[in-house]
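Architecture and fold: a report
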Amino acid sequence: MLKDVYAGDLTLSDEGRTVVLAGWVHRRRDHGGLIFIDLRDSHGVVQIVVDPENTVAHAVAHRARSEWVLAVEGTVRRRSAETVNTDMSTGEIEVVPTRIEVLNEALTPPFAVNEESEVDELVRLRHRYLDLRRPGVAEIIRLRHEVVLFMRQFLAKQGFYEIETPTLIKSTPEGARDFLVPSRLQHGHFFALPQSPQIMKELLMVSGFERYFQMARCYRDEDTRANRIVELTQLDLEMSFVDEEDVMSLIEELFIEVAKRFGGGKRLAQEPFPRIDYADAMARYGIDRPDLRFGLEFVDVSDAVRESDFKVFASAIAAGGEVRAMRVPGQAEMARRSVDSLVEVARGGGAKGLANIGFLAGEELRSPIAKFLSTEEIAQLRTLTSADDGDMIFLSADQPAVVSASLALVREELATRLELADPDVLSFAWVTGFPLLEWSNEEQRWDSLHNPFSGFVEEDAPLLETDPGSVRAKQYDLTLNGTEIAGGSVRLHRRAEQEQVLRLMNYTDDEMQERFGVLLDALEYGAPPMGGIAAGIDRVLMELVGSPNIRDVIAFPKASSGSDPLMGSPQPVGQDQLDELGLRIVSLE
Ligand code: ASP
């Protein structure tokens, strides 16, 4: 090694010790005589003090610039009382060099790497290797290492084997588009990159491993959003001879530990994690991953306004819809402009509008719709929503799916505006009781809500023939602060049942064999009952560090456009490569 200690590890106990350090010039201050260099390495920063008397070292220190790479040999000295820096872990000492050697010079970086500053994301990503030098940025990547290492050790202790599965495979549907890789040896044939290792992990259970996990790279060709990326890492696991409770309790124990060790002092909202039924979550929060750090629950008020003279309400209900209300404490006098902008937010969920009633003191109302409602209706709305003086209620009238989507957006927006979600809390919740299938109007067939491998509650089996939409899946999702961080299920481990579900999804026997034949065949060779889960490492890290941007927790992330500004991909390839792959690019414009 060109060094014998890390800069950031030095403390007062090293006083008098001769050390060899190597790292980067974090900051350099030339006081005319004394030169101070903060030398940075992966463990932190230590101050080097160069006296002019030490002419050779001083000359080098004089020349050195930010981000140059230096080796420094010297002695650790206690700082004088007035120069102690309590903000630095090495602030009680400094190093007096006997030798400074320039290992490499550096260009001036396109942005300062020694301070927290706002830098355009594209510039950061284009120079990500420099961005990663910035202390706050690098910290998250190191934390990620700690979290992943802990998860590995936790699972190994519980008897799990870490097994890699291939990434050039055949499509494994998880509801996204596949990334395809053309085959050179079989023109016109393609590999798919895994959306998840789902089929492989089920096959490993058939093989008899009983407990598998993997830090699995998964690829989903979807439009990117703040917490959605095309290339993600999942802690993927599968277990044999388990029911839902077994998987859920293992994961709950793991995440409680992760939250306590790596949550940066954030408080766990509830332990054990609360459980919400899917239908209940949709009714109360309009979403299957509610943020439970704050209230703003919805109440169905349809019965109170079914016969109302206010046609917006009455006709929505008559058309098979409903009216739901959300109480917002203390906001009866919300500014007109704010209310109007919430109407716009509601429209984003498909609603035609958003009604509101502010309950002022002394029975007084502030509402554009109150004049259309009877005193009795208003009294009932107030009772049903438990509104106090000073509270506002927002009401949405439409088909249930539209009301859910619209009010959920309004709830989320209000939480942001009113700062209702405590950033120092980690609020986990399980969501269970999902339907196995949902009707796709677009494709006119049943589709799986998660993936087609989820098992169903045994007593619902007869409903597969008569009322597939009400069959409950053995599926469980784990949410954290309103983000879905994990999802899994107990699987269909018998061929007949797996085929029955695929048939409901309109697969013909041939299609089934072509797409899932390997799994279906394997299920016939003594597949054990099995279940598993996959947790999104990127999202978990986001919540642990409280970052709103998933790219912050990935060493080399794609940009929000889905492309890679650092390496410049995707990119066109040469004709010779296309020829080899038997591909021709044709313009479809
Ligand atoms: N394969 C599922 C997913 O990627 C997770 C699971 O069911 O284990 O969402």
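Located above this text is the structure these notes cover.
The model shown is predicted, which means the values in this text are computed figures rather than measured ones.

Let's shift gears to the packing of helix α4 (residues 135-157) against helix α16 (residues 537-545). Look at α4 against α16: their axes get within 11 Å of each other, and the N-to-C directions meet at 120°. The angle between α4 and α16 falls in the class oblique. Between α4 and α16 lies a crossing whose hand is right-handed. Contacts from I140, L143, R144, V147, V148 and M151 of α4 reach α16 at I537, D538, L541, L544 and V545. Residues that form the contact of α4 with α16 fall into these classes: 9 nonpolar, no polar and 2 charged.

Another point: helix α14 (residues 495-504). The complete set of buried residues in α14 reads R495, Q498, E499, V501 and L502. End-on, the buried residues of α14 take up no more than an arc of 160°, which puts them together on one face. The secondary structure elements touched by the buried residues of α14 are β20 (437-440) and α15 (509-523). Looking one or two places after α14, you find N506, whose phi comes out positive at around 75°.

Here the focus is the pattern of salt bridges. Oppositely charged side chains can pair when the atoms bearing their charge come close. The full count for this structure, using the stated rule, is 48 salt bridges. Ionic pairing is found between E94 and R77, a salt bridge with its closest N-O pair at 2.8 Å. One end of the pair, E94, is in strand β5 (residues 93-104); the other, R77, is in strand β4 (residues 69-78), with 17 residues separating them in the sequence. Ionic pairing is found between R336 and D340, a salt bridge with its closest N-O pair at 3.3 Å. Of this pair, R336 and D340 both sit in helix α10 (residues 336-347), separated by 4 residues, roughly a single helical turn. Given a relative accessible area of 45%, R336 falls into the partly exposed group.

Here the focus is the site of the ligand. Near the ligand lie 13 residues; those nearest to it are E174, Q198, K201, R220 and R491. Contact with the protein chains covers 89% of the free accessible surface of the ligand, which is 270 Å². Top element by residues in the shell around the ligand is strand β24 (residues 530-536). It accounts for 3 residues.

Bringing helix α9 (residues 311-318) into the picture now. Think of an α-helix as turning once every 3.6 residues; residues three or four places apart then point the same way. Regarding α9, the residues found buried are F313, A314, A316 and I317. One side of α9 carries all its buried residues, which in axial view fall inside an arc of 165°. Facing away from the buried side of α9 by more than 90 degrees, the exposed set consists of K311 and A318. If you follow the buried residues of α9, they end up packed against α8 (302-305), β14 (322-328), β15 (355-359) and β17 (392-398). Following α9 by one or two positions, G320 has its phi on the positive side, about 90°.

Glancing now at the sheet that holds strand β6 (residues 161-162). Taking strand neighbours across the sheet as the criterion, the 8 strands line up as β6-β9-β10-β24-β23-β22-β19-β12 in an open arrangement whose pairing is mixed. Because the sheet does not close on itself, it has two edges, and the strands there are β6 and β12 (275-277). Pairing of strand β22 (residues 475-480) with strand β23 (residues 483-490), which is carried by 6 bridges, proceeds in the antiparallel orientation. Bridging from a neighbouring strand, D477 pairs with G487 of β23. Of the strands in this sheet, β12 and β19 (428-432) are in contact with helix α7 (residues 278-285), which crosses β12 at around 85°.

This brings us to the packing of aromatic side chains. Following the criterion strictly, the structure yields 12 aromatic pairs and no others. Ring centres of F453 and F516 lie 5.8 Å apart, and the angle between their planes is 80°; on these two criteria the pair is classed as edge-to-face. Taken together, the positions of F453 in the loop between β21 (445-448) and α13 (463-466) and F516 in helix α15 put the pair 63 residues apart, joining distant regions of the chain. Since its relative accessible area comes to 0%, F453 is described here as buried. By the ring-pair criterion, three or more aromatic residues cluster together here, those being F150, F154 and F262.

Calculation criteria
- Residues numbered from 1 in each chain as written.
- Predicted model: local features only at pLDDT ≥ 70, side-chain atom pairs only at ≥ 80, totals over all residues.
- Heavy atoms only, no water.
- Axes fitted to C-alpha atoms, helices over the stretch in contact; angles between N-to-C directions.
- Helix = DSSP H or I, 4+ residues; strand = E, 2+ residues; numbered from the N terminus.
- Parallel < 35°, antiparallel > 145°, perpendicular 65-115°, else oblique.
- Left-handed = near helix turned anticlockwise from the far one by under 90°.
- Contact = heavy atoms within 4.5 Å.
- Nonpolar A, V, L, I, M, F, W, Y, C, P; charged D, E, K, R; others polar.
- Buried < 20%, exposed > 50% of the residue type's maximum accessible area, 1.4 Å probe, protein only.
- Arc of directions from axis to C-beta.
- Salt bridge = Lys/Arg side-chain N within 4 Å of Asp/Glu carboxyl O.
- Near = heavy atom within 4 Å.
- Areas by Shrake-Rupley, 256 points an atom, 1.4 Å probe, with all protein chains shown as cover.
- Pairing = 2+ DSSP bridges.
- Phe/Tyr/Trp six-rings, centres within 6.5 Å; stacked < 30°, edge-to-face > 60°.

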